[in-house]
Amino acid sequence: MGSYGVGFIGLGIMGRPMARNLMKAGYSLTVYDVVEARVNELAAEGTGRASSSREVAERNPVVITIVPDSADSEAAILGPSGVLEGASKGSVVIDMSSIAPGTSQKIAAACEAKGVDFLDAPVSGGEPGAVAGTLAIMVGGKKEVFDRHRRLLSAMGSSVVHCGGYGAGNVVKLANQIIVATNIEAVGEALVLAKKAGLDPSVVFEAIKGGLAGSTVLSTKAPMMIAGDFKPGFRVRLHQKDLHNGLLTARELGVPLPVTSLVQQMLGALVNDGKGDWDHSAIATFIEDMSKITISGR
């Protein structure tokens, strides 16, 4: 059971179920989001409510943030009425947003200057993992800070791994997102090819899922492609953002990422086509449109 108050900032598609799992684990939550309706929803379930990130930090020794991108993390933590304005020496900030590793390092330095501990702890598993509490959580920061808060993180995830120093969690998340995106694209190509050849994609899926091509991505995303159901568990526009951050980081490190770059452009095209809020399995629709056929037959 939780034994201290936790502030939670960011109640989007991932944040809401993660906050609920902390409540189930016995933590007393104070929540804040720029969308007031989301705060009202959680407050009706028993959380405290705050009117700013600063107020969340003033009232809780531990603050979790999960917001869309680097600029949002900076605003929530470093900006006016942000977490650091309300945090005290000895507080801890755990940013679970998926952002650029360099931004995590910048935030960490600002926290250290005020005597506040910091962890970057992005997650993988999408909305289903957030709801089930089975997220993979990749953590960067000081090992002793990680050890003190591992129990808290374990209330939201089934895999909680310390990956290294500041920014390491987000480097691992970028690696994760590269693997996921390129796998989804490959599944889309394979099923479009099979459908164009006159085969039943469901049969193809059953035939290959137990072999070397089998993966969590295949098992999770192929059924969505086959059903033509792209209700978001993780949105196209967010995956585009993650790959963009990956490409920026790769440029800084001098690492070519040719396939990642191609898939990032596909995601950008989908955003321009009005599919930014579709599930990232909709990468398959890019291949479908070029091939003039749909996997689902819809």
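Since we're looking at a predicted model, the values are computed, not measured.

Turning to the state of the cysteines, a few remarks are in order. By the definition in use, this model includes zero disulfides. Free of any disulfide, C111 has its nearest cysteine sulfur in C163, 19 Å distant.

Residues F8, M18, L22, I94, M96 and I137 are the most contacted members of the largest nonpolar core, which totals 32 residues. Those elements that provide at least two residues to this core are strand 1 (5–9), helix 1 (15–24), strand 2 (28–32), helix 2 (36–43), strand 4 (62–65), strand 5 (92–95), strand 8 (135–141) and helix 8 (143–154). When residues in this core are grouped by element, the largest group, four residues, is from helix 8. Contacts of I94, omitting those with residues within four sequence positions, involve V62, V63, I64, T65, L119, A121, H149, L152 and L153. Judged by nonpolar contacts, the second largest core, of 26 residues, contains V180, A181, V204 and I226.

Glancing now at the packing of helix 10 (residues 201–208) against helix 11 (residues 216–227). Contact pair helix 10 / helix 11: the axes reach a minimum separation of 10 Å and the direction vectors enclose 170 degrees. Taken together, the axes of helix 10 and helix 11 lie roughly antiparallel to each other. Across from P201, S202, F205 and I208 in helix 10, the residues of helix 11 making contact are L218, S219, A222, P223 and I226. Residues belonging to the contact of helix 10 with helix 11 are distributed by class as follows: seven nonpolar, two polar and no charged.

The residue S98 is located in the loop between strand 5 and helix 6 (101–113) in this model. With a relative accessible area of 11%, S98 lands in the buried category. Within the structure, the side chain of S98 is placed 2.5 Å from the side chain of K173, a separation counted as a polar contact. Apart from the residues within four sequence positions on either side, S98 is in contact with P68, D69, P122, V123, N170, K173, K241, D242 and N245.

Each value, and the rule that gives it
- By convention here, each chain's residues receive numbers from 1 onward along its written sequence.
- Under the rules for a predicted model, residues below a pLDDT of 70 receive no local features and side-chain atom pairs below 80 are neither given nor counted, while totals for whole chains, interfaces and linings still include all residues.
- Here the side-chain values reflect all heavy atoms present in the structure, with hydrogen atoms and water set aside.
- Note on terminology: pairs of cysteine sulfur atoms within 2.5 Å are recorded as disulfides.
- Joining through side-chain atoms within 4.5 Å is the link that ties buried Ala, Val, Leu, Ile, Met, Phe, Trp, Tyr and Cys residues into a set, and such a set is a nonpolar core.
- The buried label applies to any residue whose accessible area, calculated with a 1.4 Å probe on protein chains only, is under 20% of its type's maximum; exposed applies above 50%, and partly exposed to all values in between.
- Helix and strand assignments follow DSSP, with helices taken as H or I runs no shorter than four residues and strands as E runs no shorter than two, numbered in order from the N terminus.
- Should any heavy atoms of two residues lie within 4.5 Å, those residues are counted as being in contact.
- Axis lines are fitted to C-alpha atoms, over the contacting stretch for helices. Their N-to-C directions set the angle, which ranges from 0 to 180 degrees.
- An angle counts as roughly parallel when it lies under 35 degrees, as roughly antiparallel when it exceeds 145, as roughly perpendicular when it falls between 65 and 115, and as oblique in every other case.
- Each residue receives one of three labels: charged for Asp, Glu, Lys and Arg, nonpolar for Ala, Val, Leu, Ile, Met, Phe, Trp, Tyr, Cys and Pro, and polar for the others, Gly being one of them.
- Pairs of N or O atoms within 3.5 Å make up the polar contacts considered here, provided that, within protein, one atom can donate a hydrogen while the other can accept it, and that residues adjacent in sequence are counted only when both atoms are side-chain atoms.

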